[in-house]
Amino acid sequence: MTTYSSWFRAEGGRPPVLVAERLSWRVLVLGWVGLVLQGSWIAGLLAGAATLAVWAALGHSTLIAPVWLGLHLGLALCAADIREWELRLNGLTAGPVVVAPGIEAALLRLLERHPGILAPRAATAGE
């Protein structure tokens, strides 16, 4: 079971964005490119700049591999928080947290337990 946080746009009619609170395997393998691919442009490009700065500072020393692995692990562990920060910067607001085995089940559980979440937003969008 995974915990999912829900994020809503101010304008109605659009489904919520669900963020899984777990390690991101894409970010673990790809690093800052994984952040960019999941939609965290600002943090991904900042992490990319930090990676280039570390590469320039350490060059071909023996410390580059542990630092590189530590950077990827740190980004992967914090990927959900980074994604939530990006969503907050883009004007989305936090909603209820749900626990489900997958993202589809999480969306179903969110709408089942909180049926009024999308109704007021959809009603104000039509006016």
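Residues numbered from 1 in each chain as written. Predicted model: local features only at pLDDT ≥ 70, side-chain atom pairs only at ≥ 80, totals over all residues. Heavy atoms only, no water.

Novice: Could you give an account of the packing of helix α3 (residues 41-58) against helix α4 (residues 64-77), naming the residues involved and the relevant values?
Specialist: Between α3 and α4, whose axes approach to 10 Å, the crossing angle comes to 170 degrees. Relative to α4, α3 is oriented roughly antiparallel. As α3 runs across α4, the sense of the crossing is right-handed. Taken together, the residues of α4 that come into contact with α3 (itself represented by Ala47, Thr51, Val54, Trp55 and Leu58) are Ile64, Val67, Leu71 and Leu75. (Axes fitted to C-alpha atoms, helices over the stretch in contact; angles between N-to-C directions. Helix = DSSP H or I, 4+ residues; strand = E, 2+ residues; numbered from the N terminus. Parallel < 35°, antiparallel > 145°, perpendicular 65-115°, else oblique. Left-handed = near helix turned anticlockwise from the far one by under 90°. Contact = heavy atoms within 4.5 Å.)

Novice: Just give me the short version of the pairing of strand β1 (residues 2-8), but keep the residues and values in it.
Specialist: Of all seven residues that make up β1, six are buried, and the element is covered over most of its length. Pairing of β1 with strand β3 (residues 93-100), which is carried by six bridges, proceeds in the antiparallel orientation. Following the sheet pairing, tyrosine 4 is matched in β3 by valine 98. Across four bridges, the pairing between β1 and strand β2 (residues 17-20) is antiparallel. What sits directly across from serine 5, in β2, is valine 19. (Buried < 20%, exposed > 50% of the residue type's maximum accessible area, 1.4 Å probe, protein only. Pairing = 2+ DSSP bridges.)

Novice: Residue-level account of the nonpolar core, with values.
Specialist: One finds Tyr4, Phe8, Leu18, Ala20, Val98, Ala100, Ala106, Leu110 and Ile117 forming the largest nonpolar core, which totals nine residues. At the level of secondary structure, the elements contributing two or more residues to this core comprise β1, β2, β3 and α6 (103-113). Filtering out sequence-adjacent residues up to four positions away, isoleucine 117 remains in contact with Phe8, Pro96 and Leu110. Listed in part, the eight residues of the second largest apolar core include Ala43, Ala47, Ala76 and Ala79. (Core = buried A, V, L, I, M, F, W, Y, C linked by side-chain atoms within 4.5 Å.)

Novice: Quick rundown of the side chain of histidine 72? Include the residues and the values.
Specialist: Among the secondary structure elements, histidine 72 is positioned in helix α4. Its relative accessible area of 7% is what places histidine 72 among the buried residues. Within the structure, the side chain of histidine 72 is placed 3.0 Å from the side chain of tryptophan 68, a separation counted as a polar contact. Sequence-distant contacts of histidine 72, defined by excluding residues within four places in its chain, comprise Val27, Leu28, Val29, Leu30 and Gly31. (Polar contact = N/O pair within 3.5 Å; in protein donor to acceptor, adjacent residues only side chain to side chain.)

Novice: Quick one: what's the story with the sheet that holds β1, residue by residue and with numbers?
Specialist: Sheet strands line up and pair through hydrogen bonds in the backbone, either parallel or antiparallel. Within the open sheet, the three strands sit side by side as β2-β1-β3. Their pairing is antiparallel. Unpaired on one side and paired on the other, β2 and β3 mark the two borders of the sheet. Neighbouring strand axes in the sheet, compared pairwise and without regard to direction, differ in orientation by 30 degrees on average. Against the sheet, α6 contacts β1, β2 and β3, and its axis sits at roughly 115 degrees relative to β3.

By themselves, these figures tell us nothing about what the structure is for.
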